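Each chain, written out:
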Amino acid sequence: MTFGTRADQRRSRFLTYTGLILLAALFVAPVAWNFLYSLKSAAESASINVHLLPQHAQWGTYKQALTLIDFWQYLWNTLLIAVPYATLITITSALVGFGFARLRARGRSGLFVLMLATSMVPQILTVIPTYVLFTRIHLVNTRWPWVLWGLAASPFLAFLFRQFFASLPAELEDAAILDGCGWLRIFARIFLPLSKPVLATSFILSFTWVWGDFFTPEIFLNNDKTTLAVAMGNGYTDPVTDTPLSNVLAAGTMFYVLPVLIVFFLAQRSFVRGVATTGLKG
């Protein structure tokens, strides 16, 4: 009986690890393909005959990725947008989630449903009205739109915070109220420190939203202030023929994903805990 149980455990462990390895390979495959593609020459990358491995590795494509455009300036431009936006929207979403989770007021449920309903509106529908609004108040070609969007909070992130805050015991705020604390102090001193996993999750998600966004910076910013994604999409061309250099773009993409990977690996434990603990209580 014991032997059979151990054999079943080994079989189950083998199937589990096999499945995880296959899933990991599935996620790594596009990155590996992009890396191999970045080592191909311009002629080889434009050829209709597809080969997995480059005939002769062209490491110079990585130097071109950094020199064909002002890579570091555009990287800095993106960070100046992504970091403040992620910080602001995390704080404001936490405030909204805290209000819906812990404050009692008439119409709270209706407002919560309305907030969630706004997240179902496609972003493309609001682009033109938003652009017209920011044009009239002279905020186009500035970083202020991302600041204002950050101050407006996110329905999805507010929902994550609301689910987490709703799972905490009421005794926490009751004891603080007896000590004379106001709601903002309760939020800042008690609930916010306890929500570190959700804070990390919110920051990573909002950072990647801005980091990977091509459409919005293309519309709201000019070439000097635009983000790295837009610069890479428009700038990797042959200086002589003005044709796109897909192999250089692939090399630039390898640099492009590094900041997101660094942010994720620095906060991966908190990110996983945040995702796992945001649905504890309805």
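Residues numbered from 1 in each chain as written. Predicted model: local features only at pLDDT ≥ 70, side-chain atom pairs only at ≥ 80, totals over all residues. Heavy atoms only, no water.

Notes on the overall build of the protein chain
Selection rule: A run of H or I in DSSP becomes a helix once it reaches four residues, and a run of E becomes a strand once it reaches two; helices and strands are each numbered from the N terminus. Note that the radius of gyration is over C-alpha atoms, with the globule rule given as 2.2 Å times the number of residues to the power 0.38. Whether a residue is buried, partly exposed or exposed follows from its accessible area with a 1.4 Å probe, protein chains only, as a fraction of its type maximum: under 20%, in between, or over 50%, in that order. By definition, residues are in contact when any of their heavy atoms lie within 4.5 Å.
Counting its regular elements, the protein chain contains 16 helices and zero strands. In terms of C-alpha radius of gyration, the protein chain reaches 24 Å, well past the compact-globule figure of 19 Å for 282 residues. Overall, the protein chain is about 75 × 70 × 30 Å in size when its C-alpha atoms are taken along their principal axes. Buried residues in the protein chain amount to 35% of all 282 residues. Long-range contacts, defined as pairs at least 24 residues apart, comprise 74% of the intrachain contacts of the protein chain with a sequence gap of at least 6.

Considerations on helix H7 (residues 144-151)
Quick reminder of the rule: Taken from the helix axis, the directions to the C-beta atoms give the arc we talk about.
Within the span of H7, buried status applies to Pro 145, Trp 146 and Gly 150. When H7 is viewed along its axis, its buried side chains cluster within an angular range of 135° and face the same direction. Against helix H4 (71-102), helix H6 (124-136), helix H11 (196-211) and helix H12 (215-220) lie the buried residues of H7. Just beyond H7, the residue with positive phi is Ala 153, at close to 70°.

Some details on the layout of surface pockets
Here is the rule: A 1.4 Å probe that fits into a set of points on a 1 Å grid over the protein atoms alone but cannot get out defines a cavity; an open set with protein on both sides within 12 Å along at least five of seven lines defines a pocket, and lining residues are those with an atom within 4 Å of a point. Grid points are joined across faces, edges and corners, and a volume is the space filled by probe spheres set on the points. Under the convention adopted here, Pro, Cys and the residues Ala, Val, Leu, Ile, Met, Phe, Trp and Tyr are nonpolar, Asp, Glu, Lys and Arg are charged, and Gly plus all remaining residues are polar.
As a volume, the largest pocket reaches approximately 800 Å³. Tyr 85, Gln 123, Thr 126, Trp 149 and Pro 155 are the residues nearest the centre of the largest pocket, which is lined by 22 residues in total. Broken down by secondary-structure element, the contributors of at least two residues to the lining of the largest pocket are H4, H6, H7, helix H8 (155-166), H11 and H12. For the lining of the largest pocket, the leading source of residues is H6, giving three residues. Across the lining of the largest pocket, the residue classes tally to 14 nonpolar, seven polar and one charged.

A word on the nonpolar core
What counts is decided by this rule: For the purposes of this section, nonpolar cores are sets of buried Ala, Val, Leu, Ile, Met, Phe, Trp, Tyr and Cys residues that join through side-chain atoms within 4.5 Å.
Ranked by internal contacts, the top residues of the largest apolar core, which has 47 residues, are Ile 69, Trp 146, Phe 165, Leu 228 and Tyr 236. Elements represented by at least two residues in this core include exactly helix H3 (60-67), H4, H8, helix H10 (183-194), H11, helix H13 (228-235) and helix H14 (246-256). With residues near it in sequence (within four places) discarded, Ile 69 still touches Tyr 74, Leu 228, Ala 231, Met 232, Gly 235 and Tyr 236.

Concerning the packing of H11 against helix H15 (residues 258-266)
To describe two helices that pack against each other, one gives the angle between their axes and the distance between the axes. Under the convention used in this document: Only the contacting stretch of a helix is used when fitting its axis, a line to C-alpha atoms as for every element, and angles between N-to-C directions run 0 to 180 degrees. An angle below 35 degrees is treated as roughly parallel, one above 145 as roughly antiparallel, one from 65 to 115 as roughly perpendicular, and anything else as oblique.
Remark: H11 packs on H15, axes separated minimally by 10 Å, with the N-to-C direction vectors making an angle of 175°. Accordingly, the angle class assigned to the pair H11 and H15 is roughly antiparallel. Within the contact between the two elements, H11 uses Phe 203, Ile 204, Phe 207, Thr 208 and Trp 211 and H15 uses Pro 259, Val 260, Val 263 and Phe 264. Each residue belonging to the contact of H11 with H15 can be placed in one class, and the counts come to eight nonpolar, one polar and no charged.

What to know about a nonpolar patch on the surface
Definition in use: Patches here: salt-bridge-free residues with over 30% relative accessible area, like charges joined within 9 Å, nonpolar side chains (Val, Leu, Ile, Met, Phe, Trp, Tyr) joined within 5 Å. Surface exposure here means Shrake-Rupley accessible area, sampled with a 1.4 Å probe, where a residue is shielded only by the protein chains that are shown. The rule for a salt bridge is simple: a side-chain nitrogen of Lys or Arg has to be within 4 Å of a carboxyl oxygen of Asp or Glu.
On the surface, Tyr 17, Leu 20, Ile 21, Leu 23, Leu 26, Phe 27 and Val 28 cluster together into a nonpolar patch covering about 800 Å² of accessible area. With respect to the secondary-structure elements, Leu 26 resides in helix H1 (residues 2-38). Given a relative accessible area of 58%, Leu 26 falls into the exposed group.

Points about the side chain of Arg 102
Filter applied, for reference: In protein, a polar contact means a hydrogen-donor-capable atom and an acceptor-capable atom, both N or O and within 3.5 Å, with residues adjacent in sequence counting only if both atoms are side-chain atoms; elsewhere, any N or O pair within 3.5 Å suffices.
Along the chain, Arg 102 falls in helix H4. Here the side chain of Arg 102 touches Pro 169 through a polar contact of 3.3 Å, landing on its backbone oxygen. The contacts of Arg 102, once residues within four sequence positions are left out, are Phe 165, Ala 166, Leu 168, Pro 169, Ala 170, Glu 173, Trp 183 and Phe 191.

Concerning the packing of aromatic side chains
One pair of aromatic rings is described through two measures. These are the centre distance and the angle between the planes. The criterion, for reference: Two aromatic rings, drawn from Phe, Tyr or Trp (for Trp, its six-membered ring), form a pair once their centres lie within 6.5 Å of each other, and the interplanar angle then sorts them: stacked below 30 degrees, edge-to-face above 60, tilted otherwise.
Applying the stated criterion across every chain, the model contains 25 aromatic pairs. Look at Phe 165 and Phe 187: their rings are 6.4 Å apart centre to centre, the planes differ by 75°, and that puts the pair in the edge-to-face class. Of this pair, Phe 165 sits in helix H8 while Phe 187 is found in helix H10, placing the two residues 22 residues apart along the sequence. Grouped by ring-pair contacts, the aromatic residues Phe 98, Phe 161, Phe 164, Phe 165, Trp 183, Phe 187 and Phe 191 constitute a single cluster.

Quick notes on the pattern of salt bridges
Where charged atoms from two side chains of opposite charge approach closely, those side chains can pair. Per the stated rule, a full pass over the model turns up one salt bridge. Arg 102 is the salt-bridge partner of Glu 173, the closest N and O atoms lying 2.6 Å from each other. Highlighted residues: Glu 173 in helix H9 (residues 171-178) and Arg 102 in helix H4, separated in sequence by 71 residues. Judged by relative accessible area, which is 8%, Glu 173 ranks as buried. Judged by relative accessible area, which is 7%, Arg 102 ranks as buried.

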